[in-house]
Amino acid sequence: MNPEVATIGGLDDGLIEVGVCDDPIEPAVEDFLVGVGFSIALFGVRSLGNLDVSRLSKGVLACIHAPNLYVEVVLYLDTYIDSIINKFKNNMKILVVCQYFHPEEFKVNELVEGLVKRGNEVTVLTGKPTYPRGDYPEGYKFWGVQKEEYKGAKVIRLPELTRGNGGAIGVARSLFSFLVSSTWYAKRHDIEADAILCFQLSPVTMANAALIYQKKLNVKLVHWVQDLWPESVTATTPIKGGPVIKWLERFVTKIYSKSDVILIQSKAFEKSICAKGDFKEKLVFAPNWAEASFIGADTSVDESFPLQPAEDEFRVMFAGNIGEAQDFGNIIKAANLCKDIPQIKWIVVGDGRAREESEKEVARLGLQDTVKFLGRHPVTSMPKFFA
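Residues numbered from 1 in each chain as written. Predicted model: local features only at pLDDT ≥ 70, side-chain atom pairs only at ≥ 80, totals over all residues. Heavy atoms only, no water.

J.: A description of the sheet that holds strand β7 (residues 121-127) should follow, citing residues and the corresponding values.
T.: Taken in spatial order, the 8 strands line up as β8-β9-β7-β6-β10-β11-β12-β13 in an open sheet, and their pairing is mixed. Two strands close off the open sheet at either side, each with one partner strand: β8 (146-150) and β13 (283-285). Each strand axis lies, on average, 20 degrees off the axis of its neighbour in the sheet, ignoring direction. Strand direction decides the pairing type here: β7 and strand β9 (residues 153-158), joined by 5 bridges, are parallel. Bridge pairing links T123 to K154 in β9. The sheet strands contacting helix α3 (residues 107-117) are β6 (93-97), β7, β8, β9, β10 (195-200) and β11 (220-225), and the helix crosses β7 at an angle near 160 degrees. (Pairing = 2+ DSSP bridges. Helix = DSSP H or I, 4+ residues; strand = E, 2+ residues; numbered from the N terminus. Axes fitted to C-alpha atoms, helices over the stretch in contact; angles between N-to-C directions. Contact = heavy atoms within 4.5 Å.)

J.: Describe the packing of aromatic side chains, listing the residues and the values that go with them.
T.: Taken as a whole and assessed by the stated rule, the structure comprises 13 aromatic pairs. When the centroid spacing of 5.2 Å and the interplanar angle of 85 degrees are considered together, the rings of F101 and Y150 count as edge-to-face. Of the two residues, F101 is situated in the loop between β6 and α3 and Y150 in strand β8; the sequence distance between them amounts to 49 residues. By relative accessible area, F101 is classed as buried at 1%. Centre to centre, the rings of F199 and W224 are 5.1 Å apart; their planes meet at 80 degrees, and the pair counts as edge-to-face. Here W224 lies in strand β11 and F199 lies in strand β10, a separation of 25 residues in the sequence. The exposure class of F199 is buried, given its relative accessible area of 1%. (Phe/Tyr/Trp six-rings, centres within 6.5 Å; stacked < 30°, edge-to-face > 60°. Buried < 20%, exposed > 50% of the residue type's maximum accessible area, 1.4 Å probe, protein only.)

J.: If you had to explain the pairing of β10 to someone new, which residues and values would you point to?
T.: β10 sits mainly inside the fold: 6 of its 6 residues count as buried. Of the pairings in the sheet, the one linking β6 to β10 comprises 4 bridges and is parallel in character. Note that in β10 the partner of I94 across the bridge is A195. Relative to β11, β10 runs parallel, the two sharing 6 bridges. Residue pairing for β11: I196 is matched across the bridge by L221. Read as a crossover between parallel neighbours, the route from β10 over helix α5 (residues 208-217) to β11 is right-handed. (Right-handed = clockwise from strand over helix to strand, strands pointing away.)

Encoded structure:
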């Protein structure tokens, strides 16, 4: 296929070529993307033939429906999702340490699948599924170490208390219980691995087991930073300093010091990480990608779907975790400023520890007709909401 190239947008270490041809986007791109289990974030495209495009946001590939659009992605060395996978050779034994894993929906699920597809033997050390709140799914319980398989990867699930209703106490006990169980397991059980990947959300203490195994096995550690610490604590709790923050600073610095590669999902993370030490040479920018299931997704809805088309409405959608770190109060304040414009609707898709308080604030301000909470939905249904 040799399309006429309309735009060349540069990447850090790669290239995006956008052209026009007779084939639809799905057959032209889907085999490549789904073949490695990922989709690609597009950005920096200024024009497409005669069509002016000021900027394509990351992850919008599935939203492009032009039947004559062809996108060719030329990847070199360390570009985006391959910047993660390429840190590992093929046919390796890889230990992934992460408190959250399938059926909890996080990027690490797709990454593990991609590593397995490349011939690697992957073991995931994780907790019992409890995110974002509620009881254990069917088949899980607190006590005992449960072993299972996920798309070719071995999964070791350690005891973790549930988050309950997602309140502060429930979240704290869940996080602490995984710290204890993962530290205990790492000290007493051997896992064969040629390299370790730690998928670090909150809390940062989930990395402790990765540090233990790195020392025991004397192998390289790739640390994937999704949340900054201790900033996540100072920004969302009354704790702004003192011994807790100082201990977290020391612990985070230790993680960065021991890591051979530090993946960051935002370039804004660089300042915080480098303030803790000379870690710039370890940093690799690896932004989160759009789900492969978005490619060619069916966006039609029936009468049972919770969000119906409405041509007379202008909708602002928030999709994701409803937590303290998302500063959801400001979203409600913005909605309150728009309450006298009935055409503007705020759609909230997701769940989290701040949802209950947010719904109470919406009710207090009389915004029930302006702000709609639709709850948590599987990632496979999200294209229908976005469309």
